[in-house]
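# Overview (structure and organization)
One letter stands for each residue in the lines below.
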Amino acid sequence: MNAIEEKEGAETVARSAALPLAGLRVVEFSHMVMGPTCGMVLADLGAEVIKVEPVDGDRTRHLLGAGAGFFPMFNRNKKSMGLDLRSAPGLAAAIRLAASADVVLQNFKPGVMKKYGLDYRALSRLNPALVYVNHAGFLPGPYEHRTALDEVVQMMGGLAYMTGRSGDPLRAGSSVNDIMGGMFGAIGAMAALMQRQSTGCGQEVDAALFENNVFLVGQHMMQYAVTGQPAAPMPERISAWAVYDVFSVRDGEQIFLAAVSDAQWHSLCQALGFDDLLADPQLASNNDRVRARPRLMPELRARLADREAAELAEIFERHGLPHASIMRPEQLFDDPHLNATGGLAEITLTDGERAGEKVRTTLLPLRLGGQRPGVRMNPPNLGEHTQELLLGLGYAEQEIQAMQQEGAVV
C-alpha cells in the first residue's frame, strides 16, 4: 500500500467513525431492490454492511434495461462475501457470520431462510440481541405466500389506478415500493436497535411491499372516508388548487406552473399582466377558482401558449411562485443545485461493459451535522471481502483455501 492509499484509507475510517451507525455490523441476505435499499441506508449511515452473495454473484450485477442501474445504485458502502449456502462449509460460514451481526436483513421468499437455519428463530438462539429484518411482499396474513413485485402491489394496492387515466392503470416511474419498503425496513431496524439499548434483546422486524403501497395511497383512502366520494385518478382529479398543472408553451416545450394560495394568485396575475382575471369576482378565492377551473384553465393555456418556457420560469422564480421544468432523469447529472450541494457522488462500476469506469450516483436526501452521508466504498466486486471477513470470524488461511477449492466461497 502506497502513501496515497494509506491516506485515503485513514480518511475513510475517520468518515465512518463520525457516522451515527458506526460500529454496527449488518449482514444482508438480499437481492433486487427492497433488501439492498435497506442495507444501503444503514451502510450510508455508517454501519458495516456485509452483502452475502451466491458464488456466481447477485443477479442484479448483470441485468439489462431498466434493471441495469440496480446493483451500482443500491450496493455502495458494502462489503461482499460470496458463499454457497448449499455446501456445508458455506452454510456454516454464513451462520457464523450472521450470529456475529447486530442486524440481519433478508428479502427472500417465505421459508427460504428457515430452510438454511438462517431465520430469526434459529439465529436468535445464537445471538439473543440480534435484530432481524424481513422484507416481504406482504405482512403475515392471507396474501403472505403470494409472489409480489413492485408492479403487482401497485396494481392491487390502488397506486397504478391513481397514477394512470381511467381505464389505463399505470405503474409509477420508479421502484417506489421496493425503495420505500427498504427504507421502512431500515427505520424498523433502527427503532429495534434503540429499544435494544434498554432491554438488551433484539427482535424481528417485518416490512412489506403491499402494506407500503397502501400507506402511499392512504391519503386517497382518507379522502373517500372524509368526503364519501372516491378519489379520481390523478390525471382526472379535482385539484385542491386552481392553478396546478403542466402547460404546453412555445416550440412544444412544457412547464409546470402553480399558484396554491390567494397571495400567489395575486402575484401570478400581476406578474403576467392578467389584471382582468385578478378583478373577476368569480375568481376571488382559491375555492372560487377551483369551481371555475373548466373555464379558467383553457383561458390560461391559451394566454401562455406563445410564451417561452424559460421566460415563464424566470418570471415565476422572480416572484417566488412554484414552477418546474419537465426534466428527464439523465438531465439531472447537470442540475446546478444537485452539483452545488453535493447531491451526487462518484463511484466505480464493478460489472458489465463499463466496469472500472467512474460514474456519479445519488446520495441519501438528508444531511447530518451539515454534511451529506457520502460514498466511503464503491459497490463491491463479487467476494471482494470474503477472505478478510472469514479471517475475522476465526477461520485459518488453510481452511479458507480449502473452502475456495471446494467452491463453497468466492
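Above this note sits the structure.
So, here's what we can say about the structure. Bear in mind the structure is a predicted one, so any value in this text is a computation, not a measurement.

Each value, and the rule that gives it
- Counting starts from 1 at the beginning of each chain's written sequence and moves along it residue by residue.
- Confidence filtering applies because this is a predicted model: local features only for residues at pLDDT of at least 70, side-chain atom pairs given and counted only at 80 or more, and all residues used for totals across whole chains, interfaces and linings.
- Side-chain descriptors were evaluated using all non-hydrogen atoms of the structure, hydrogens and water having been removed beforehand.
- Helix and strand assignments follow DSSP, with helices taken as H or I runs no shorter than four residues and strands as E runs no shorter than two, numbered in order from the N terminus.
- We call a residue buried when its accessible area falls under 20% of the maximum for its residue type, exposed when it is over 50%, and partly exposed in between, using a 1.4 Å probe and counting protein chains only.
- The contact rule is simple, with two residues in contact once any of their heavy atoms fall within 4.5 Å.
- Classification of ring pairs rests on two measures: the distance between centres of Phe, Tyr or Trp rings, Trp counted by its six-membered ring, which must be within 6.5 Å, and the angle between planes, read as stacked under 30 degrees, edge-to-face over 60 and tilted in between.
- By definition, being over a ring means that NZ of Lys or CZ of Arg is both within 6 Å of the ring centre and within 35 degrees of the ring normal.

In this section: the overall build of the chain. Looking only at helices and strands, one finds 19 helices and eleven strands in the chain. Expressed along its principal axes, the backbone C-alpha trace of the chain runs to roughly 85 × 55 × 45 Å. Among the 410 residues that make up the chain, the fraction classed as buried is 43%. Counting only contacts in the chain whose residues sit at least 6 apart along the sequence, the fraction spanning at least 24 positions is 69%.

A few words now on the packing of aromatic side chains. Given two aromatic rings, their pairing is described by the distance between the two centres and the angle made by the two planes. Tallied over the entire structure, the rule returns eight aromatic pairs. Ring centres of Phe138 and Phe210 lie 5.6 Å apart, and the angle between their planes is 50°; on these two criteria the pair is classed as tilted. In this pair, Phe138 is assigned in the loop between strand E5 (131–136) and helix H7 (150–156) and Phe210 in helix H10 (residues 209–216), connecting sequence segments 72 residues apart. Looking at Phe138, the relative accessible area reads 4%, which means it is buried. Summarising the aromatic geometry, the rings of Tyr143 and Phe210 are spaced 5.8 Å apart at their centres and angled 75° between planes, so their arrangement reads as edge-to-face. You can see Tyr143 sitting in the loop between E5 and H7 and its partner Phe210 sitting in helix H10, a full 67 residues away along the chain. The class of Tyr143 is partly exposed, set by a relative accessible area of 34%. Joined through ring pairs, the aromatic side chains of Phe138, Tyr143 and Phe210 make up one cluster. In this structure, Arg96 is placed above the aromatic ring of Tyr395, and the distance from its NZ or CZ to the ring centre is 4.1 Å. Over the aromatic face of Phe247 sits the side chain of Arg301, whose NZ or CZ is 5.0 Å from the ring centroid.

Let us now look at the environment of Met403. Inspection of the secondary structure puts Met403 in helix H19 (residues 397–406). Classification of Met403 as buried rests on a relative accessible area of 5%. Through-space distance from the C-alpha of Met403 to that of Asp84 is 9.9 Å; in sequence the pair is 319 residues apart.

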